[in-house]
Amino acid sequence: MSETVVIYTDGACKGNPGPGGWGAWLRWGEHEKELFGGERETTNNRMELTAVIEALSALKRHTPVAIYTDSEYVKNGITTWIHGWKARGWRTADKKTVKKIELWQKLDALVAQHTVQWHWVRGHTGDPGNERADQLANRGVDMVRR
């Protein structure tokens, strides 16, 4: 069975920086998995990246994946900007080290293990998968605020 794994991811942060959470909802055929977590002091972009990293890390073998994110930062970073960063030794166009380099490198390695299609969805507009990922990310925030 080579059915595509559909993944919705989201990050949340109460203050930026502040307590944050990440969430991912994975669907493969009739199977579903919810993942979430958080950090006491973080940023929204860090949580958006962590959601995708944790979702891809949960996969056990090479598989086709469709990732839906409301983060243009993540989608543009992994589909466009990363090529220049890598060509310049993980430096930006103005020769500064890429921010959150360790997360981008981890995501790059995970993406190389799968066949990934990237999709951007507008957040908070009623998309069921995005709403579910948002709820999971907020559970991650609640977890670290206790």
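Quick note: structure is the one above.
**Some thoughts on the nonpolar core**
So, point 1. Counting 31 residues, the largest nonpolar core has I7, L26, L56, I67, W104, L107 and W118 as its most contacted members.
So, point 2. Elements with a contribution of two residues or more to this core: β1 (5-13), β2 (18-28), α1 (44-57), β4 (64-69), α2 (72-87), α3 (101-111) and β5 (115-120).
So, point 3. With seven residues, α1 is the single largest residue contributor to this core.
So, point 4. Beyond its immediate sequence surroundings of up to four residues, L107 is in contact with L49, V52, I53, L56, I78 and W118.
So, point 5. One finds Y8, W25, A133 and L136 within the second-largest nonpolar core, a separate group that totals five residues.

**Points about the side chain of T9**
So, point 1. Mapping T9 onto the fold places it in strand β1.
So, point 2. The exposure class of T9 is buried, given its relative accessible area of 1%.
So, point 3. Once residues lying within four places of it in the same chain are set aside, the contact partners of T9 are G23, A24, A51, V52, A55, Y68, T69, D70 and A133.

**Description of the pattern of salt bridges**
So, point 1. Counted according to the given criterion, the structure contains six salt bridges.
So, point 2. For E34, the salt bridge identified is with R132, shortest N-O distance 3.0 Å. Taken together, the residues E34 in strand β3 (residues 31-42) and R132 in helix α4 (residues 128-145) connect sequence positions 98 residues apart.
So, point 3. The class of E34 is partly exposed, set by a relative accessible area of 37%.
So, point 4. Residue K86 is joined to D108 by a salt bridge in which the shortest nitrogen-to-oxygen separation is 3.0 Å. Here K86, found in helix α2, pairs with D108, found in helix α3; they are 22 residues apart in sequence, far enough to count as distant.
So, point 5. The class of K86 is partly exposed, set by a relative accessible area of 41%.
So, point 6. Three or more residues joined by partner-sharing salt bridges are found here, namely E32, E34, R132 and R139.

**Side note on the packing of aromatic side chains**
The geometry of two aromatic rings is summed up by the distance between their centres and the angle between their planes.
So, point 1. The final tally for this structure, using the stated rule, is six aromatic pairs.
So, point 2. Their ring planes at 70 degrees and their centres at 5.4 Å tell us that Y73 and W104 sit as a pair that is edge-to-face. You can see Y73 sitting in helix α2 and its partner W104 sitting in helix α3, a full 31 residues away along the chain.
So, point 3. Judged by its relative accessible area of 19%, Y73 falls in the buried class.
So, point 4. Three or more aromatic residues joined by ring pairs make a cluster, and in this case those are Y73, W81, W85 and W104.

Cut-offs applied
- Residues numbered from 1 in each chain as written.
- Predicted model: local features only at pLDDT ≥ 70, side-chain atom pairs only at ≥ 80, totals over all residues.
- Heavy atoms only, no water.
- Core = buried A, V, L, I, M, F, W, Y, C linked by side-chain atoms within 4.5 Å.
- Buried < 20%, exposed > 50% of the residue type's maximum accessible area, 1.4 Å probe, protein only.
- Helix = DSSP H or I, 4+ residues; strand = E, 2+ residues; numbered from the N terminus.
- Contact = heavy atoms within 4.5 Å.
- Salt bridge = Lys/Arg side-chain N within 4 Å of Asp/Glu carboxyl O.
- Phe/Tyr/Trp six-rings, centres within 6.5 Å; stacked < 30°, edge-to-face > 60°.

That is the geometry; function is a separate question.
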